[in-house]
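Structural overview for review
In case you want the letters, here they are:
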Amino acid sequence: MLEYNDHVAVAVSGGKDSLTMLNLLVKLEGRFPRSRLTAVCIDEGIEGYRDEALELARSACEKLGVKQVVASYRDLFGTTTDELARMSRGQTPCSYCGVFRRKAINRVATTIGATKIATGHNLDDEAQTILLNMLHGDPLRIVRSGPVLRDPRGKFVPRIKPLCDIPEKEIVLYAYLTGTDFQSVACPHGHEALRNDIRSFLNQMEQKHPGTKYTLIRSAEKLRSAQSTQSPLPELHECEKCGDPTPHELCEACVMLQAVAV
Ligand code: SF4
Ligand code: ZN
């Protein structure tokens with residue numbers, strides 16, 4: 001996932017996963033003098049929730065001596081997750097929030113010259129996403145995602161998920177054992193109902209049949225290697241509105257903004 005001279009933009013939300021990842025990457029980075037870390041914190045504009053997380057992220061960065069960059073949806077896109085949730089036409093707040101977060105992190109990473117983006121997805125998140133994509137009828141998304149995402153067209157900063165093999169429970173344990181102060185309040189918009197159901201289902205399965213989550217991840221890996229030579233990636237050009245790379249005339253975020261403005 002990492003090269004000795006990477007400048008890693010670490011996506012830090014203030015939750016247990018991203019702060020654990022930051023802790024571990026700081027330890028690793030110390031052994032590689034030519035590498036660099038910058039914490040990237042995104043303010044989605046979620047009242048009563050994001051401020052506390054940003055403060056926890058700020059104090060963790062200060063303690064660990066990591067430079068922090070904060071970017072907000074308001075500044076980048078002229079709106080917030082709260083506003084999008086109010087204007088939503090059939091989409092969950094999380095669908096907007098996820099699309100805008102990926103875009104925001106990529107923009108910041110490009111601006112600071114980062115060579116990798118690290119996100120704190122854990123084993124549970126990854127296993128849930130695989131099933132979620134199947135149930136949304138989008139199996140190709142499973143093939144397109146993964147622990148390391150490199151864009152051969154060079155338009156997106158490569159993304160890595162260093163914790164993707166670590167169960168959520170172990171991350172919580174690590175955070176407690178290292179005295180990491182993390183946000184434990186849930187986002188008021190909650191996660192998609194379907195993801196919550198999948199989480200409960202997978203936890204039950206894991207309890208009855210240990211290894212279920214790892215098996216799902218390994219199945220997705222097999223699908224990816226079988227598919228990798230089959231379909232070439234679509235060509236990317238500039239979004240007509242924001243200029244970010246997209247295979248279509250408008251990028252996904254601009255399509256979403258247009259839909260809520262109607
Ligand atoms: Fe955004 Fe959904 Fe996460 Fe809340 S739960 S921060 S709305 S993705
Ligand atoms: Zn756009």
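Read on for an overview of the structure. All values derive from a computational prediction rather than experimental measurement. (Residues numbered from 1 in each chain as written. Chains lettered and ligands numbered in written order. Predicted model: local features only at pLDDT ≥ 70, side-chain atom pairs only at ≥ 80, totals over all residues. Heavy atoms only, no water.)

Considering helix α11 (residues 252-261)
Residues Ala-253, Cys-254, Met-256 and Val-260 constitute the buried set of α11. Each buried residue of α11 sits inside an arc of 160° when the element is viewed along its axis, so together they form one side. Elements that come into contact with the buried residues of α11 comprise α4 (81-87) and α5 (93-112). (Buried < 20%, exposed > 50% of the residue type's maximum accessible area, 1.4 Å probe, protein only. Helix = DSSP H or I, 4+ residues; strand = E, 2+ residues; numbered from the N terminus. Arc of directions from axis to C-beta. Contact = heavy atoms within 4.5 Å.)

Digging into the side chain of Thr-119
Examined against the element boundaries, Thr-119 turns out to sit in the loop between β4 (116-118) and α6 (123-135). Polar side-chain contacts of Thr-119 include one of 2.9 Å to the side chain of His-121. In this structure Thr-119 touches Ala-11, Met-21, Arg-159, Ile-160, Lys-161 and Pro-162, once residues within four positions along its chain are discounted. (Polar contact = N/O pair within 3.5 Å; in protein donor to acceptor, adjacent residues only side chain to side chain.)

Regarding the environment of Asp-151
The residue Asp-151 is located in the loop between β5 (148-149) and β6 (159-160) in this model. Taking the C-alpha atoms as reference points, Asp-151 and Leu-233, separated by 82 residues in sequence, lie 9.0 Å from one another. Excluding residues that lie within four positions of it along the chain, Asp-151 makes contacts with Phe-156 and Leu-236. Only 3.0 Å separates the side chain of Asp-151 from the backbone nitrogen of Lys-155, close enough to count as a polar contact. Within the local environment of Asp-151, its side chain forms a polar contact with the backbone nitrogen of Phe-156, the two atoms lying 3.2 Å apart.

Some points on the sheet that holds strand β1 (residues 7-11)
Strand order in this open sheet of six strands is β3-β2-β1-β4-β6-β5, and the pairing throughout is mixed. Edge positions in the open sheet fall to β3 (67-72) and β5, since each of these has one partner strand only. Where β1 and β4 come together, three bridges link them in parallel fashion. For Val-8, the partnering residue across the bridge sits in β4 and is Lys-116. The sheet contacts of helix α2 (residues 50-64) involve β2 (36-43) and β3, and relative to β2 the element is tilted by about 165°. Where α5 meets the sheet, it contacts β1, β2, β3, β4 and β6, and its direction lies at approximately 145° from that of β2. (Pairing = 2+ DSSP bridges. Axes fitted to C-alpha atoms, helices over the stretch in contact; angles between N-to-C directions.)

Focus: the site of ligand 1
Around ligand 1, a shell composed of nine residues is seen, among which Cys-94, Cys-97, Arg-101, Cys-187 and Gly-190 lie nearest. Among the elements that take part in the shell around ligand 1, α5 stands out by supplying three residues, more than any other. A class-by-class count of the residues in the shell around ligand 1 yields four nonpolar, four polar and one charged. (Near = heavy atom within 4 Å. Nonpolar A, V, L, I, M, F, W, Y, C, P; charged D, E, K, R; others polar.)

A closer look at the side chain of Asn-122
Within the secondary structure, Asn-122 sits in the loop between β4 and α6. When its relative accessible area of 0% is taken as the criterion, Asn-122 is described as buried. A polar contact of 2.9 Å, which involves the side chain of Asn-122, links it to the backbone nitrogen of Asp-124. If we ignore the near neighbours within four places in the chain, the residues touching Asn-122 are Lys-16, Asp-17, Leu-163, Cys-164, Ile-166, Glu-168 and Ile-171.

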